[in-house]
Amino acid sequence: MSEPVLRIEGLTVALPAGGDRRYAVENVGLEVAAGEILCLLGESGSGKSIIAQAAMGLLPPNVKPVAGRVFLSGEELLAADARRLRALRGARMSMVFQEPMTALNPVMSCGAQVDELLRAHTGLTPLERRQRVLRMFEQVRLPDPERIHSAYPHQLSGGQRQRIMIAMALILKPALLIADEPTTALDVTTQAEILRLITELCRENGTAVLFITHDFGVVAEIADRVAVLRLGELVESGAAKTLLAAPRHEYTRVLLAAVPKLAPRKPPIDEGRVVQLRASGLTKIFESGGWFVRRHAVRAADGVEFEVRLGETLGIVGESGSGKSTVARLLGRLIEPSAGEIELDGEPITGYAGDRARQLRRRIQFVFQDPYRSLNPRRTVGAAIVEGPMNFGVPRQEARARAVELMDLVRLSPGALERYPHEFSGGQRQRVCIARALAMRPEVLIADEAVSALDVSVQTQILSLLEDIQQRLRLTLIFITHDLRVAAQICNRVVVMQRGRVVEQGPVREVFAHPRHEYTRALLDAAPGRSFAFGKS
Amino acid sequence: MDAMHPSELAISSDARLAALVRRLARNPSVVLGGAVLALLALASAAAPLLGTVDPTLLDPVNRDLLPGASARVTALTGESFRHTFWMGTDSFGRDIYSRVLYGGRVSLSVGLAVAALSLAIGVGVGLVAGYVRALDGVVMRAMDGLMAIPGVLLAIALVALWRASLLTVVAAIAIPEIPRVVRLARSLVLTIREEPYVEAAISVGTPTGALLLRHVLPNAAAPLIVQGTYVCASAILIESILSFLGAGLPTDVPTWGNIMAEGRLQFTAYPHNVFFPGVFLALTVLAVNMLGDGLRDTLDPKFNRRGDRPA
């Protein structure tokens, strides 16, 4: 058998003293052959990015490889000096990062950034370089390459920026492409296109791909082989088909079982139940500009209509910029609508002001997306939970007692109340946020992408917790998500939004099985790993 | 785990404080700057015990003595004793060592008072400007106007307007410093108000005042404290400038600026008149700035990534 493009043998990388473990990765071995896509799968903190950085010679200065070897087409990389690595990077191996906006230089035109690579590694004339860049832009299917060549990164969409990154990575036809979560920051429909593009280009050129991801859907979509990483150790690797169908290691099985199924689970709620919350003609126009700048208006929500019944879970799904978070904030009166009406228990609440508006806070509560930033780092968990009730005159003793009960409900120990948010993991923090919302004894709970920032195994726990709490407290739940799998698991009904408008709504079973609107169909088609049945438990 | 006893709560916040103190103690510029400042403060506070004489005592016989000279001094009480002039005397025969130590009281208290005053007002105004959109434009344009006037010039004008006293000098120096603090506080508020935890606090019905005090201010504290040290250093300097120009405290009050102003006339013949207060001034400003840099490195999460999220 010929030499693989990338061969890693017994790689061990030490973390600086005082970290949560001694080695970022320990004794990891893997190979990627030409034209093959290897998916390196792991949850956050598994060390998957460290492997990529070690191969590229981009490890942070305080993180050192202590054992093992990395070969690129037979050449040892860990021993190579900085100059040799620089010559290899871009030409023989290249990388695509997660966030295309920060990976591109904002003050250089896209064409110039790709051109820079050619100038550094080839002896082509400016005209030849330009021709080649334009041809590459065509290959990554950027519309109007001439215009994009002179455009700056901020003038492009996220998907277009990622295409520029891919053009940059592949223009010198490297033997190895390392893609570090390249589609995580993108919408599902864009993600599907980018995945297809990477697969096609690499098959054509025979490029070896090390694809780092946390998403089983993506793995099912593109991987030839899979390596599963857990806390720096390789637990299992093998052909994608066999590994997904019959995982041998317990950890892989747990991870696979945690991937939510795309098949809806819950029936629609009884039509006879009272409508608790109704939005009609809800519109929000954001205006920017001022005295010297031309005014610019964005219709973030445009005539949104729906109703939620008592005890029901309504999903609002859509891609970024669809206005789903705006609708959440409108419902919770965090921002004022430009037009339209919200009714709570049949009573219009948009006209409420002053103390009446403040009283609404007790009835509608939030769980936010980012558990790392939605808790004040300088206040204890207990202080965060009792704050709401005490704002409304509940005595401290009583609020404390309630907080202790809530800790039990969200399955944290009461001792957690005295600790600060940084002492908790993401999942634990999200439990704290749920407890904070529940401390207000709300009727409606709005969860805005509440599980999006969490690892898939933690995601399942939080989803089942929310479900359990909803049943116990008879809460009405509005669940905002971009992830159709999550929506399928928890919602009775869904509202699909696109560019501020509701394009389709109905029971989740009907919408997912027989989408009527073309956008819903596109969303469902784009869901990664659609052909693969996950979560057979 | 069982519910924690209140005493354990105390332990956990004490532990946080102890960790902070440990971090500060590891920073050489905090330790050095702090030590020099503490020494200067102690020396000027304990000036009467450190072998000084009355700093305003005129003694024509002993004028223009060189550092280290010793001579007989007669106090106002009529008491007569031998005294060593460690830093010499000025052209009125006053002991420079005593004047410098007593002058330190003025410099340090002006620095501290100006820092406290401009922080208190600046942070208050900055919080409001940053949080209440309707007031932002008006307040900030007023601050821009204030900043358009050079600080020292404004201070001179203000002292001239009022009568020179410790209080008016403090006010005159603090007023030009306020807009800088307002700008910083406002920009911090503008960032922090977008944090999800602020939105979360709003969603549980926290009134605006409590929101600013409980959620916004504590998260803005570190850069503001650091700014406070810089204000303090520049206030000490400006006080000396005012005194030196004769626009500060009256000449009968010993301040470093006054001593230097009087010594200036015969600087070529007796440089010690200017040298010693100058060294103390430079040392103080350096120490305050070092302390500020050290605090910034330790407190500001941007300079201290690892302290932000313990592994």
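Predicted, not measured: the structure shown is a model, and the values here were computed from it. (Residues numbered from 1 in each chain as written. Chains lettered and ligands numbered in written order. Predicted model: local features only at pLDDT ≥ 70, side-chain atom pairs only at ≥ 80, totals over all residues.)

A short note on the overall build of chain A
Move 1: When helices and strands are counted, chain A shows 20 helices and 20 strands.
Move 2: Taking 537 residues into account, the globule formula puts the C-alpha radius of gyration at 24 Å, and chain A, at 25 Å, falls close to it.
Move 3: Along the longest, intermediate and shortest principal axes, the C-alpha atoms of chain A span 70 × 55 × 45 Å.
Move 4: Looking at chain A as a whole, 46% of its 537 residues are labelled buried.
Move 5: Residue pairs in contact within chain A that sit at least 24 positions apart in sequence constitute 71% of those at least 6 positions apart. (Helix = DSSP H or I, 4+ residues; strand = E, 2+ residues; numbered from the N terminus. Rg over C-alpha atoms; globule rule 2.2 N^0.38 Å. Buried ≥ 20, exposed ≤ 12 C-beta atoms within 10 Å, placed from the backbone. Contact = placed C-beta atoms within 7 Å.)

Quick word on the overall build of chain B
Move 1: A count of helical and extended segments in chain B gives eleven helices and two strands.
Move 2: Listed N to C, the secondary structure of chain B is α-α-β-β-α-α-α-α-α-α-α-α-α in terms of helices and strands.
Move 3: The buried share among the 311 residues of chain B stands at 41%.
Move 4: When contacts within chain B are restricted to residue pairs at least 6 apart in sequence, those whose partners lie at least 24 apart make up 69%.

Re the environment of I480 of chain A
Residue and element names in this part refer to chain A.
Move 1: Inspection of the secondary structure assignment puts I480 in strand β18 (residues 476-481).
Move 2: Judged by the 25 C-beta atoms lying within 10 Å of it, I480 falls in the buried class.
Move 3: The spatial distance from the C-alpha of I480 to the C-alpha of F368 is 9.9 Å, given a sequence separation of 112 residues.
Move 4: When neighbours within four sequence positions are excluded, I480 is seen to be in contact with I316, K324, S325, A328, A447, D448 and E449.

Looking at the pairing of strand β4 (residues 64-72) of chain A
Residue and element names in this part refer to chain A.
Move 1: Looking at chain direction, strand β1 (residues 6-14) and β4 are connected through seven bridges and run antiparallel. Within the sheet, the bridge partner assigned to V13 lies in β4 and is P65.
Move 2: Note that β4 and strand β5 (residues 75-76) share two bridges and pair antiparallel. For F71, the partnering residue across the bridge sits in β5 and is E76. (Pairing = 2+ DSSP bridges.)

Some words on the sheet that holds β1 of chain A
Residue and element names in this part refer to chain A.
Move 1: Strand order in the open sheet made by the four strands is β2-β1-β4-β5, with antiparallel pairing throughout. With partners counted over all chains shown, the strands left at the sheet margins are β2 (23-32) and β5, one partner each.
Move 2: Bridge count between β1 and β2: six bridges; the pairing is antiparallel. When the sheet's bridge partners are listed, A14 is paired in β2 with Y23.
Move 3: The sheet strands contacting helix α1 (residues 48-56) are β1, β2 and β4, and the helix crosses β1 at an angle near 110°. (Axes fitted to C-alpha atoms, helices over the stretch in contact; angles between N-to-C directions.)

Section: the sheet that holds strand β3 (residues 37-41) of chain A
All names here are of chain A.
Move 1: The six strands are arranged β6-β7-β8-β3-β9-β10 in an open sheet whose pairing can be described as mixed. Edge strands, defined here as strands with exactly one partner in the open sheet, are β6 (93-96) and β10 (233-239). Neighbour-to-neighbour, the strand axes of this sheet turn through a mean angle of 15°, independent of strand direction.
Move 2: Pairing geometry for β6 and strand β7 (residues 176-180), over four bridges, is parallel. Residue M93 lies in a different strand from β7, and its bridge partner there is L176.
Move 3: Along the sheet, α1 makes contact with β3, β6, β7, β8 (208-213) and β9 (225-230), crossing β7 at roughly 145°.

Quick look at the packing of helix α14 (residues 381-391) of chain A against helix α16 (residues 426-438) of chain A
Residues and elements named next belong to chain A.
Move 1: Contact geometry of α14 with α16 gives a least axis separation of 7 Å together with a crossing angle of 25°. What the angle tells us is that α14 and α16 run roughly parallel. Considering only the axes of α14 and α16, their crossing is right-handed. Facing α14, whose interface residues are V381, A384, I385 and G388, α16 presents V432, A435 and R436.
Move 2: Class assignment for the residues of the contact of α14 with α16 results in five nonpolar, one polar and one charged. (Parallel < 35°, antiparallel > 145°, perpendicular 65-115°, else oblique. Left-handed = near helix turned anticlockwise from the far one by under 90°. Nonpolar A, V, L, I, M, F, W, Y, C, P; charged D, E, K, R; others polar.)

Some thoughts on the nonpolar core
Nonpolar side chains tend toward joint burial in soluble globular proteins.
Move 1: The biggest cluster of nonpolar side chains holds 209 residues, and the ones touching the most others in it are L210 and I478 of chain A.
Move 2: With sequence-adjacent residues up to four places away left out, L210 of chain A is seen in contact with L6, V32, L38, L40, A52, L176 and I178 of chain A.
Move 3: Core analysis: the next-biggest nonpolar cluster, separate from the first, contains 18 residues, F85, M87, L101 and F280 of chain B among them. (Core = buried A, V, L, I, M, F, W, Y, C linked by C-beta atoms within 7 Å.)

Details of helix α5 (residues 151-161) of chain B
Residues and elements named next belong to chain B.
Move 1: Those residues of α5 not exposed but buried are G151, A155 and V159. Taken around the axis of α5, the buried residues stretch over an arc of 65°, which confines them to a single face. The outward face of α5, more than 90 degrees from its buried face, is lined by the exposed residues L153, A157, A160 and L161.
Move 2: Where the residues of α5 are buried, they touch α6 (166-192) and α8 (208-244). (Arc of directions from axis to C-beta.)

A closer look at unusual backbone geometry
Across the chain, the bulk of peptide bonds are trans and the bulk of non-glycine residues have phi less than zero.
Residue and element names in this part refer to chain A.
Move 1: Backbone geometry at D144 places phi at a positive 50°, although glycine is not the residue there.
Move 2: The backbone of E181 sits at a positive phi, close to 50°, despite the residue not being glycine.
Move 3: Relative to the assigned elements, E181 resides in the loop between β7 and α8 (188-205).

Regarding the confidence of the model for chain B
Residue and element names in this part refer to chain B.
Move 1: Mean pLDDT over chain B works out to 85, with 91% of the residues at or above the 70 mark.
Move 2: Mean pLDDT across the elements of chain B bottoms out in helix α11 (residues 305-308) (40) and peaks in helix α3 (residues 96-131) (93).
Move 3: Low confidence marks residues 1-11, where pLDDT is under 50. Its contacts with residues over four positions away, or in another chain, come to ten contacts.
Move 4: Confidence drops under pLDDT 50 across residues 303-311; counting only partners more than four residues distant or on other chains, this segment forms eleven contacts.
Move 5: Here the prediction assigns the complex a pTM of 0.81, and the interface score ipTM is 0.79. (pLDDT = per-residue confidence, 0-100.)

Re the packing of α3 of chain B against helix α10 (residues 272-299) of chain B
Residue and element names in this part refer to chain B.
Move 1: The interhelical angle for the contact between α3 and α10, taken along N-to-C directions, is 30°, at an axis separation of 11 Å. In terms of axis orientation, α3 runs roughly parallel to α10. The element α3 and its partner α10 pack so that their crossing is right-handed. Contact residues: I96, V100, G103, G104, S107 and G111 in α3; H272, N273, F276, P277, F280, T284 and V288 in α10.
Move 2: Looking at the contact of α3 with α10, its residues break down into six nonpolar, seven polar and no charged.

Comments concerning helix α11 (residues 250-258) of chain A
Residues and elements named next belong to chain A.
Move 1: Where α11 is concerned, the buried positions are T252, L255, L256 and A258. Viewed end-on, α11 has its buried residues packed into an arc of 160°, placing them on one side of the element.
Move 2: In this structure, the buried side of α11 is in contact with α9 (216-222), β9, β10, α10 (240-245) and α17 (456-473).

A word on the environment of I490 of chain A
All names here are of chain A.
Move 1: Tracing the backbone shows I490 in helix α18 (residues 484-490).
Move 2: According to the C-beta neighbour criterion, I490 is buried, with 23 such atoms within 10 Å.
Move 3: Separated by 18 residues in sequence, I490 and V508 have C-alpha atoms that sit 9.5 Å apart.
Move 4: Once you skip the residues sitting within four places of it in the chain, I490 turns out to touch T313, L463, L466, E467 and F479.

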